[in-house]
Structures are given as C-alpha cells and as structure tokens.
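# Coordinates in review
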Amino acid sequence: MKTRLLMLLFAFSILFPITEIFAPPGPNEWSRAPYCPAGCSLDFMKQRWSEYYNYKGSEWMELKKQEMLLSINNGTIEDWLNTDPSRAHYNVFNYYFYAGEIPNLEGKFIDQVKQDMFFSDMKQNLNNNQFPLGNHTYINFSLMLAGVTSIAVVITFILWKKRK
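Residue positions are counted from 1 within each chain, in the order its sequence is given. For this predicted model, a pLDDT threshold of at least 70 governs which residues receive local features, and a threshold of 80 or more governs which side-chain atom pairs are given and counted, while totals over whole chains, interfaces and linings are taken from all residues. As a convention, hydrogens and water are excluded, and side-chain values are obtained from all of the structure's heavy atoms.

## A few points about the side chain of S71
By definition, any uninterrupted DSSP run of H or I lasting at least four residues is a helix, any uninterrupted run of E lasting at least two residues is a strand, and each is numbered from the N terminus. Checked against the element boundaries, S71 lands in helix α4 (residues 58-74). Residue classification places S71 among the buried residues on the basis of a relative accessible area of 5%. We call two N or O atoms a polar contact when they sit within 3.5 Å, provided that within protein one can donate a hydrogen and the other can accept it, with sequence-adjacent residues counted only if both atoms are side-chain atoms. For S71, the side chain forms a polar contact with the main-chain oxygen of M68, separated by 2.7 Å. Whether two residues are in contact is decided by their heavy atoms: any pair within 4.5 Å suffices. Leave out the neighbours within four places in its chain, and S71 touches T76, I77 and W80. We call a residue buried when its accessible area falls under 20% of the maximum for its residue type, exposed when it is over 50%, and partly exposed in between, using a 1.4 Å probe and counting protein chains only.

## Some thoughts on helix α3 (residues 42-56)
To estimate how far a helix should extend, the number of its residues minus one is multiplied by 1.5 Å. Compared with an ideal rise of 1.5 Å per residue, which puts 15 residues at 21 Å, α3 spans 22 Å between its outermost C-alpha atoms and is within 8% of the ideal. Taken as a whole, α3 has its buried residues at L42, M45, R48, W49 and Y52. Here the buried residues of α3 occupy an arc of 130° about the axis, which is enough to place them on one side. Residues of α3 that are exposed and point more than 90 degrees away from the buried face comprise D43 and N54. Count one or two residues on from α3 and you reach G57, which has phi positive near 95°. Think of the arc as the fan of directions from the helix axis to the C-beta atoms.

## Notes on helix α6 (residues 88-98)
The α-helix winds at 3.6 residues per turn, so residues separated by three or four positions along the chain end up facing the same way. With 9 of 11 residues buried, α6 is to be regarded as a mostly interior element. All of the buried residues along α6 are A88, H89, N91, V92, F93, Y95, Y96, F97 and Y98. Just beyond α6, the residue with positive phi is G100, at close to 85°.

## Examining a nonpolar patch on the surface
The grouping of V154, F157, I158 and W160 at the surface amounts to a nonpolar patch, some 390 Å² of accessible area in total. Looking at the secondary structure, you find F157 in helix α8 (residues 141-163). You can call F157 partly exposed: its relative accessible area is 47%. Residues enter a patch when their relative accessible area is above 30% and they make no salt bridge; the linking distance is 9 Å between like charges and 5 Å between nonpolar side chains (Val, Leu, Ile, Met, Phe, Trp, Tyr). Accessible surface area values rest on a Shrake-Rupley calculation with a 1.4 Å probe, where residue burial reflects the displayed protein chains alone. The term salt bridge refers to a side-chain nitrogen of Lys or Arg lying within 4 Å of a carboxyl oxygen of Asp or Glu.

## Structural notes on unusual backbone geometry
Here R87, not a glycine, exhibits a phi torsion of approximately 70°, which is positive. Relative to the elements of secondary structure, R87 occurs in the loop between α5 (77-82) and α6. Overall, R87 belongs to the partly exposed group, its relative accessible area being 24%.

Structural data, given as structure tokens:
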C-alpha cells in the first residue's frame, strides 16, 4: 500500500513539478511585479502597481497608455497584451487598471471588482454561517446570536428584578 502511494506521488511530481505549480508567470521586466499564488488584497495590489509608473517613467507610460487605449477601442487588447514577451504591456495594463482608469478584460473597473468581492465574501460568510471579526477571524453566526440573546435575556431579567 505504501509503495503504491509513493509511486503515485512520484508520478505526480514528474507530471506536475512543484516549481511549475507555484512559479510566477513567465519572465517579467519588472522584478517587483506582485505575485501572490494565494491571492493578494486589492489595497496591496493598488499600492504595488502604483510604483510601476515611476519605475518606467512618465514619457514611456503615456506612450504605452495611448497604444493600450487604441487597442481597447479597436477590440485588440489581448493581441496588444501578448505582443511583448517581457510582459511590459501586461504591467502597463495592470497599472492603469489598479489606478482605476481602465476596465479589466471583463469590462469591470477596480471599484466594481472590489464591490463584487465584498458581496461574494458576504454571501460566502452567510452560506458558511459565519460572521467576520477581522484579521481573517470568524465566529459562528448561530453562536454569536445565541450569546447576544443570552446577554439580552440576563439584562432584561436583572432589570425586571430591580423593578419589583
């Protein structure tokens, strides 16, 4: 049994090397390009991408912005993004998306994406019967409701006793 499991793990590691699963996407001309395999917060992404403008300089960024806007208007944005193997076009696109100036490839601006994420998180919390406390800490909604109800009953009982 152990031998079969080891053979299966060995075969899996050959077919799907860990370096490929967790490696950042292709070479990037900007070494500080954010890469978060587990996901990054939007605030982190906005802050990190805001640094890209200074890295490339205003003249180059404005030139690339005009190229990008033209490709958006022509409906060829994906072709434009893929013409630069150094990923500079993707970096320009991400900078202007996180700055709130252009929509993503789905046509949503950063504020819409943030709103969608908020409502998605709230729906997930309700489905999982949990209430967020902050810092990725949650409390079971039923337990919280029982605790609040218990406190209200105790306070009501104490006040009722004092009136008599």
